[in-house]
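Close look at the chain arrangement
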Amino acid sequence: MSTGTHRRADQDRLDNLHASLSQEFEVQTARLTELTADTGDPNQAHTQSALIAATRQSLEQISGALRRIAEGTYGVCERCQGDIPTERLEILPHARFCVPCQQKQKG
Ligand SMILES: [Zn+2]
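Parameters at a glance
- Residues numbered from 1 in each chain as written.
- Predicted model: local features only at pLDDT ≥ 70, side-chain atom pairs only at ≥ 80, totals over all residues.
- Heavy atoms only, no water.
- Donors = N, O, S within 2.8 Å, 3.2 Å for Na, K, Ca; no water.
- Tetrahedral: all angles 85-135°; square planar, octahedral: opposite > 155°, others 65-115°.
- Helix = DSSP H or I, 4+ residues; strand = E, 2+ residues; numbered from the N terminus.
- Core = buried A, V, L, I, M, F, W, Y, C linked by side-chain atoms within 4.5 Å.
- Buried < 20%, exposed > 50% of the residue type's maximum accessible area, 1.4 Å probe, protein only.
- Domains from an automatic or database assignment.
- Contact = heavy atoms within 4.5 Å.
- Lys, Arg positive; Asp, Glu negative; His and termini not counted.
- Salt bridge = Lys/Arg side-chain N within 4 Å of Asp/Glu carboxyl O.
- Axes fitted to C-alpha atoms, helices over the stretch in contact; angles between N-to-C directions.
- Parallel < 35°, antiparallel > 145°, perpendicular 65-115°, else oblique.
- Left-handed = near helix turned anticlockwise from the far one by under 90°.
- Nonpolar A, V, L, I, M, F, W, Y, C, P; charged D, E, K, R; others polar.

The name given to the chain in an unreviewed UniProt entry is TraR/DksA C4-type zinc finger protein, and the organism recorded there is Micromonospora globbae.

Written out as C-alpha cells, the structure is:
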C-alpha cells in the first residue's frame, strides 16, 4: 500500500510519537470528560468553558497528528509539501506547517 521504502529510524520515531500522542489523547479526553461533567457554580463554569475549548483544541491537534502518522503524511508541510524540520516537530509534535508557511498562515 505504501510507496517505496522509508528510513527505519524515522519509522521508530513515528511509532514512539504515535504511542505518546495516543496516551496524550486519552489524558485529554479524560480531562474533557471531567470538565464537562463538573458544573454548578456559574463563575467556575466560565473558567471551565475556556478550559474545555483549549482541551478540545488540543484533542483536535493530537488526532490530526495521529491521522497524519497513519496516512504517512506526518512531518510534511500541508501548504508547501516540504519537510517540516525535526527540531520543530520535537517542540510542536502536531505542527502542520513549516515555519515560513506557519508565518504566512497567520498573516
Ligand atoms: Zn511549508
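We are not done yet, so read on.
**A word on the coordination of the zinc ion**
On the protein side, the zinc ion has Cys77 (SG), Cys80 (SG), Cys98 (SG) and Cys101 (SG) as donor atoms, found 2.3 Å from it. Given four donor atoms and angles of 103 to 117 degrees at the metal, the environment of the zinc ion is assigned as tetrahedral. Written as a sequence motif, the donor arrangement for the zinc ion is C-x2-C-x17-C-x2-C. Residue Cys80 is located in the loop between helix 2 (42–71) and helix 3 (86–91), and its partner Cys101 is located in helix 4 (residues 99–106); the two are separated by 21 residues in the primary sequence.

**Topic: the nonpolar core**
Of all hydrophobic cores here, the largest spans 15 residues; its most connected members are Leu21, Ile69, Tyr74 and Cys77. Those elements that place two or more of their residues in this core are helix 1 (8–37) and helix 2. No other element matches helix 2, which puts four residues into this core. Among the domains, domain 1 (1–74) and domain 2 (76–107) are the pair contributing at least three residues each to this core. Dropping the residues within four chain positions of it, Tyr74 is found in contact with Leu14, Leu17, Ala65, Arg68, Ile69, Leu89 and Pro93.

**Focus: the side chain of Arg88**
With respect to the helices and strands, Arg88 occurs in helix 3. Although Arg88 is buried, it makes no salt bridge; Glu87 carries the closest opposite charge, 9.7 Å away. Every residue in contact with Arg88, bar those within four places of it in the chain, is listed here: Ala95, Phe97, Cys98, Val99 and Gln102.

**Regarding the packing of helix 1 against helix 2**
At their nearest, the axes of helix 1 and helix 2 sit 9 Å apart, and the two run at 155 degrees to each other. When the axis of helix 1 is compared with that of helix 2, the two are roughly antiparallel. As helix 1 runs across helix 2, the sense of the crossing is left-handed. Of the residues in the contact of helix 1 with helix 2, the class split is 13 nonpolar, nine polar and three charged.

**Section: the pattern of salt bridges**
A complete count under the given rule lists three salt bridges for this structure. For the salt bridge of Glu78 with Arg68, the shortest nitrogen-to-oxygen distance reads 3.7 Å. Note that Glu78 is positioned in the loop between helix 2 and helix 3 and Arg68 in helix 2, a separation of ten residues in sequence. Accessibility expressed as a relative area gives 33% for Glu78, which makes it partly exposed.

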